[in-house]
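Geometric and topological summary
Each chain, letter by letter, is given below.
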Amino acid sequence: MALYVQKFGGTSVGSVERIKAVAEKVKGFRDNGHQVVVVVSAMSGETNRLIGMANEINDEPTPREMDMLVSTGEQVTISLLAMALHKIGVPATSYTGSQVGIRTDSAYTKARIQRIETDELQADLDDGQVVVVAGFQGVDEEGNITTLGRGGSDTTGVALAAALKADECQIYTDVDGVYTTDPRVVSRAKRLDSITVEEMLELASLGSKVLQIRAVEFAGKYNVPLRVLSSFEDGPGTLIVADSDQDEDSMEEPLISGIAFTANEAKLTLLNTPDVPGVASRILGPIADANIEVDMIVQNVAPAGDYTDFTFTVAKGDYKQTMKILQEQVIPDLGGGELRGDDNIAKVSLVGVGMRSHAGVASKFFRVLADENINIRMVSTSEIKISVVIDEKHMELAVKALHKAFGLDKSDIAAE
């Protein structure tokens, strides 16, 4: 007997018929003697519908009330799935995040899980029940409902798997695994049989929408076996493994595992800022205080050495707030400086553990973009990834050209 935590996304539970299909899938695991915890998202489109209604009433609703509102989407799904399981003879109990004991901090709309109280949940499993849990949500120490941010149901699933020491956490979605890039953009993208946690972390952080980055972090930290599967067709999916799980005698890892991209980026530049110790902290400190995450950072030193240009990127949704903070707090504190911004940019990234042992990846990357007449605005690198910021209008062209140049197309891989 194994314990599985299975997470189903919004498209997987997007209608009554699909909820019934999920119930049948869960029943199959239980009939084989396994214990199952099911984590579900709101039905497809429901969260957007709720947000739309909120914005019709108040275009700046308080974060607490937004969490109270959007958390109801999952409550509908868990009750319907529990009913569907009852209908086919499977005992099941549904729980909201607060009922199941998912304790978080109080950062509304971006809460982080602090602990999970599993005693009641484990008792239900031992009693033969399927436990159905609302993803994306929890409760803080004051009893306020909180949400984990977009994609937070993935994090709920992996966190529960870690707390329960599950044999595997299975993420069911509308794709049948992790691909070399988004197959909706590159039709010849290939599904990967496996990928390391390290590579998946990079892909998730760089724009891949298959898994939320915090879910992958949980899997890596607590060594949770994580598998991405399709809700709509059978198949092995993609297994996300730790580096230590790799067979030392296997063939060398491929140079590039995937290409991630996102247009959810905005670039801000402070020109003519003082080139003195502590200036970066004075720029980024107020932004961090506003709970805004900064991604890429580039600082240039002017020839005279007295002034510098400081450029960084944030999520597009944080662009206006960041501009306001820079104008009202940072520039007055620095005693001047010119602010420029651009929210029509995209980030494209190569990811692969094989980069560690291969030279020339960066030069090839830049040559491919140059051949397509694509200008690079910013560059960021690590051991296993290279990211560039380019104009948003060139994003798809860049992804397709890089995917072919690095041998990731289906026909190229099949021929090797």
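Just so it is clear, the structure is predicted and the values come from calculations on it, not from any experiment. (Residues numbered from 1 in each chain as written. Predicted model: local features only at pLDDT ≥ 70, side-chain atom pairs only at ≥ 80, totals over all residues. Heavy atoms only, no water.)

**Examining the nonpolar core**
Counting residues in each nonpolar core, the largest one holds 43 residues, and the members touching the most others are Val37, Leu121 and Val133. Not counting the four nearest positions on each side in its chain, Val133 is found in contact with Val37, Val38, Val39, Val40, Ile78, Tyr95, Val100, Ile102, Leu121 and Leu160. Judged by nonpolar contacts, the second largest core, of 24 residues, contains Ile256, Ala346, Met355 and Val368. (Core = buried A, V, L, I, M, F, W, Y, C linked by side-chain atoms within 4.5 Å. Buried < 20%, exposed > 50% of the residue type's maximum accessible area, 1.4 Å probe, protein only. Contact = heavy atoms within 4.5 Å.)

**Digging into the packing of aromatic side chains**
Following the criterion strictly, the structure yields five aromatic pairs and no others. Each ring, one from Tyr4 and one from Phe29, has its centre 5.2 Å from the other, and the planes form 70 degrees; the classification is edge-to-face. You can see Tyr4 sitting in strand 1 (residues 3-8) and its partner Phe29 sitting in helix 1 (residues 16-31), a full 25 residues away along the chain. Across this residue pair, the class does not change: Tyr4 and Phe29 are buried. Across the ring face of Phe406, the terminal group of Lys364 is positioned such that the distance to the ring centre comes to 4.7 Å. (Phe/Tyr/Trp six-rings, centres within 6.5 Å; stacked < 30°, edge-to-face > 60°. Helix = DSSP H or I, 4+ residues; strand = E, 2+ residues; numbered from the N terminus. Lys NZ or Arg CZ within 6 Å of the ring centre and 35° of its normal.)

**Section: the sheet that holds strand 1**
Strand order in the open sheet formed by eight strands is 3-6-2-1-9-11-12-10, and the pairing between neighbours is mixed. The strands lining the two open edges of the sheet, one partner per strand, are strand 3 (92-95) and strand 10 (194-196). With direction set aside, neighbouring strand axes in the sheet form an average angle of 20 degrees. In terms of strand pairing, strand 3 meets strand 6 (residues 130-134) through four bridges, oriented parallel. Along strand 6, the bridge assignment pairs Ser94 with Val132. Where helix 8 (residues 197-205) meets the sheet, it contacts strand 10 and strand 12 (238-241), and its direction lies at approximately 85 degrees from that of strand 10. (Pairing = 2+ DSSP bridges. Axes fitted to C-alpha atoms, helices over the stretch in contact; angles between N-to-C directions.)

**Notes on the packing of helix 8 against helix 9 (residues 213-222)**
For any two helices packed against each other, one specifies the crossing angle of their axes together with the interaxial distance. Where helix 8 contacts helix 9, the axes come no closer than 9 Å and their chain directions differ by 165 degrees. Viewed along their axes, helix 8 and helix 9 adopt a mutual orientation that is roughly antiparallel. In the packing of helix 8 onto helix 9, the handedness of the crossing is left-handed. The residues of helix 9 that touch helix 8, namely those facing Val197, Met200, Leu201, Ala204 and Ser205, are Ile213, Val216, Glu217 and Gly220. Here the contact of helix 8 with helix 9 is built from residues that sort into six nonpolar, two polar and one charged. (Parallel < 35°, antiparallel > 145°, perpendicular 65-115°, else oblique. Left-handed = near helix turned anticlockwise from the far one by under 90°. Nonpolar A, V, L, I, M, F, W, Y, C, P; charged D, E, K, R; others polar.)

**Let's talk about the side chain of Thr269**
Its location among the elements puts Thr269 in strand 13 (residues 258-274). Polar side-chain contacts of Thr269 include one of 3.0 Å to the side chain of Thr311. Not counting residues within four places of it along the chain, the set of residues in contact with Thr269 comprises Phe310, Thr311, Glu338, Leu339 and Arg340. (Polar contact = N/O pair within 3.5 Å; in protein donor to acceptor, adjacent residues only side chain to side chain.)

**What about the sheet that holds strand 15 (residues 307-315)?**
Within the open sheet, the six strands sit side by side as 14-15-13-16-18-17. Their pairing is antiparallel. Each edge of the sheet is formed by a strand with only one pairing partner; in this case those strands are strand 14 (294-301) and strand 17 (378-382). If you compare each strand with its neighbour and ignore which way they point, the axes differ by 25 degrees on average. Across seven bridges, the pairing between strand 16 (residues 338-351) and strand 18 (residues 385-391) is antiparallel. Looking across to strand 18, one finds that Ala346 is bridged to Ile390. Against the sheet, helix 11 (residues 319-334) makes contact with strand 13, strand 15 and strand 16, and its axis sits at roughly 25 degrees relative to strand 13, the strand it touches most. With respect to the sheet, helix 13 (residues 395-405) is in contact with strand 13, strand 16 and strand 18, its orientation differing from that of strand 13 by roughly 125 degrees.

**Focus: the environment of Lys385**
With respect to the helices and strands, Lys385 occurs in strand 18. With 55 residues separating them in the primary sequence, Lys385 and Val330 have C-alpha atoms 31 Å apart. Excluding residues within four positions of it along the chain, Lys385 makes contact with Glu202, Leu206, Leu350, Val351, Met355 and Ser380. In this structure the side chain of Lys385 is engaged in a polar contact, spanning 3.1 Å, whose partner is the side chain of Ser380.

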